[in-house]
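Summary of the model geometry
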Amino acid sequence: MSENQTEKLVEKDPGPAKDIQDMADLVSLSKRRGFVFPSSEVYGGINACWDYGPLGAELKRNVKDVWWNAMTRRDDIEGIDAAILMHPRVWEASGHVSGFVDPLVDCKTCKGRFRADKLDMAHCGNKPSKKPGEGSDCQLTEPRQFNLMFKTHMGPLEDSASIVYLRPETAQGIYVNFLNVQQSMRQKLPFGIAQIGKAFRNEITPGNFIFRTREFEQMEMQYFVKPGSDMDWFEKWKEQRIQWHLDLGIRKEKLRFHAHGPGELAHYAKAAFDIEYLFPFGWQELEGIHNRSDFDLGRHQEFSGKKLEYFDEEAKERYLPYIVETSVGCDRFLLVALTDAYRSDNERVWLKLHPKLAPFKAAVFPLMKKPELMEYTDKVSAELRKKFRVDRDDSGSIGKRYRRQDEIGTPFGITIDYDTLSNHTVTVRHRDLMTQERIPADKLVQYLDEKIDNWGK
Ligand code: GAP
């Protein structure tokens, strides 16, 4: 084998690609490759809390950037970053103190705790093949209402006057700032306010890895519109939001809309649709799109005693705008991106992530550990790193290095060999098809830019 022979000659026909079969495979890959670790693992972990490792943090940052750019690189949407702790009256006005409850039942036999409205999706603690209440020895209590907000105290006194809540949604920070943003940015209706931030819910039944956790991040946008135009905007935002998921490569056949029937509508909603994703554990909510009418601004106006009306200069009238909300969990989307991307065949496991999401856009390898190849590799990596996050890997066979990068979703593998030294071209190997091509080294930045921008087109 000549020194210049690359792995193109030895990558075997891998056979047909399979989708993810079992979420446990993703949990294991996430831990092994530094995406997601159980929180406080050395102490045995803490239920439903997870830490993002180096690659998970990078992926999450990419998710947030893509969402933030889609939302705010336009004239009619402003971004904010409101405090997690808010005045406690906010949560009375929003309806969360009285209405943000789930019905909880306990089983006196297995000591399990379940949501009374989700028993059909739960498993008995003693006989997991049965639903709670189905076994002859199950003893379920009557349902009691359990408020999902986490409480803490502000200041040194722990009395009822010092209670504050960890916000269960980021939306309220937007509503109370509606006039601040509108006036400081001289916005006219229709316009939106976007925010990314942590939210907390004391979920009764968290689980399915990072699907439902007690601490999570939301990416929410509230679009303020003239009453009467709200259903049109609702339809427009439904379409824009599903397109966002499709543009990031999420497969169309795994996405669907689910309309909320009258019994399902949240207390604030006039109309609501979920975008659902088909996980290995079934269709589940990924994002909510809600027509919240003037409920929130009306309630804050009532509870604060401050006018929150908008003055419409054209119509010369004052009114409370209606709000169309789009709300997606950052962690929930990240789980969808990983689940949808997971592929395996006879040769390898790989993540078919959109390059905009992939933690590394490329990995650079010297074909062998020779000083002249290593030096060139360093030069290429340094040049690429001015623009992209790239990995540099020189350990093990080139085949092993390809596999390692496939497993973390790196879309391009760039190999420096002896031809590079003489003609300044490199081999670019493509993650999904395992094809290779030679590119001039000084055109790599432009090449990657174009490939990333035109991915899937
Ligand atoms: N402001 C509206 C709102 O919060 P939601 O349907 O309760 O509506 C919106 O939540 C999104 O937040 C969900 O579609 C989901 O993506 C995410 N989400 C909600 N609860 C979550 C949890 N416990 N863990 C992870 N993500 C969650």
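Further up the page is the structure itself.
The notes below deal with the structure included here.

Cut-offs used in this document
Residues numbered from 1 in each chain as written. Predicted model: local features only at pLDDT ≥ 70, side-chain atom pairs only at ≥ 80, totals over all residues. Heavy atoms only, no water. Disulfide = S-S within 2.5 Å. Helix = DSSP H or I, 4+ residues; strand = E, 2+ residues; numbered from the N terminus. Expected span 1.5 Å × (residues − 1). Buried < 20%, exposed > 50% of the residue type's maximum accessible area, 1.4 Å probe, protein only. Pairing = 2+ DSSP bridges. Axes fitted to C-alpha atoms, helices over the stretch in contact; angles between N-to-C directions. Contact = heavy atoms within 4.5 Å. Polar contact = N/O pair within 3.5 Å; in protein donor to acceptor, adjacent residues only side chain to side chain. Near = heavy atom within 4 Å. Areas by Shrake-Rupley, 256 points an atom, 1.4 Å probe, with all protein chains shown as cover. Nonpolar A, V, L, I, M, F, W, Y, C, P; charged D, E, K, R; others polar.

1. Notes on the state of the cysteines
- Inspection of every chain in the model, using the stated rule, returns zero disulfides.
- Lacking any disulfide linkage, C110 is separated from the closest cysteine sulfur, that of C107, by 3.9 Å.
- Free cysteine: C330, not disulfide-bonded; nearest cysteine sulfur from C49 at 16 Å.

2. Regarding helix α9 (residues 330–341)
- Across its 12 residues, α9 extends 16 Å between first and last C-alpha, which sits within 8% of the 16 Å expected from 1.5 Å per residue.
- Burial within α9 is extensive, with 12 of its 12 residues counted as buried.
- Those residues of α9 that sit buried are C330, D331, R332, F333, L334, L335, V336, A337, L338, T339, D340 and A341.

3. Some details on the sheet that holds strand β22 (residues 412–416)
- Here five strands make up an open sheet; going across it, the order is β21-β20-β22-β23-β24 and the pairing mixed. On the outer flanks of this sheet lie β21 (390–392) and β24 (436–440), each paired with one strand and no other. Direction aside, the axes of adjacent strands within the sheet are offset by 25° on average.
- Pairing of β22 with strand β23 (residues 425–430) involves four bridges; the strand directions are antiparallel. Residue pairing for β23: G413 is matched across the bridge by R429.
- Across the sheet, helix α11 (residues 398–407) lies against β20 (362–366), β21, β22, β23 and β24, angled at about 170° from β20, the strand it touches most.

4. Digging into the side chain of K254
- Here K254 lies in the loop between α7 (230–247) and β12 (255–259).
- With residues up to four places along the chain from it excluded, the contact list for K254 reads D19, E276, Y277, L278, W283 and D340.

5. Topic: the environment of R214
- For R214, the location among the structural elements is in the loop between β10 (191–200) and β11 (215–225).
- Spatially, the C-alpha atom of R214 lies 25 Å from that of P156, the residues being 58 residues apart in sequence.
- R214 has contacts with N47, A48, F150, A199, F200, R201, N202, E203, I204 and P206, leaving out every residue within four places of it along the chain.
- Within the local environment of R214, its side chain forms a polar contact with the side chain of N202, the two groups lying 3.5 Å apart.

6. Things to note about the site of the ligand
- For the ligand, the set of nearby residues contains 22 residues, the closest of which are E169, E203, T213, E220 and E285.
- Here a nitrogen atom of the ligand and a backbone polar atom of T213 are 2.8 Å apart.
- Between an oxygen atom of the ligand and a main-chain N or O atom of L286, the distance comes to 2.8 Å.
- Across the complex, the protein chains shield 92% of the 560 Å² of accessible surface that the ligand would expose by itself.
- Among the secondary structure elements, those contributing two or more residues to the shell around the ligand are β11, β14 (282–293) and β17 (322–329).
- Ranked by residues supplied to the shell around the ligand, first place goes to β14 with six residues.
- Tallied by class, residues from the shell around the ligand come to six nonpolar, six polar and 10 charged.

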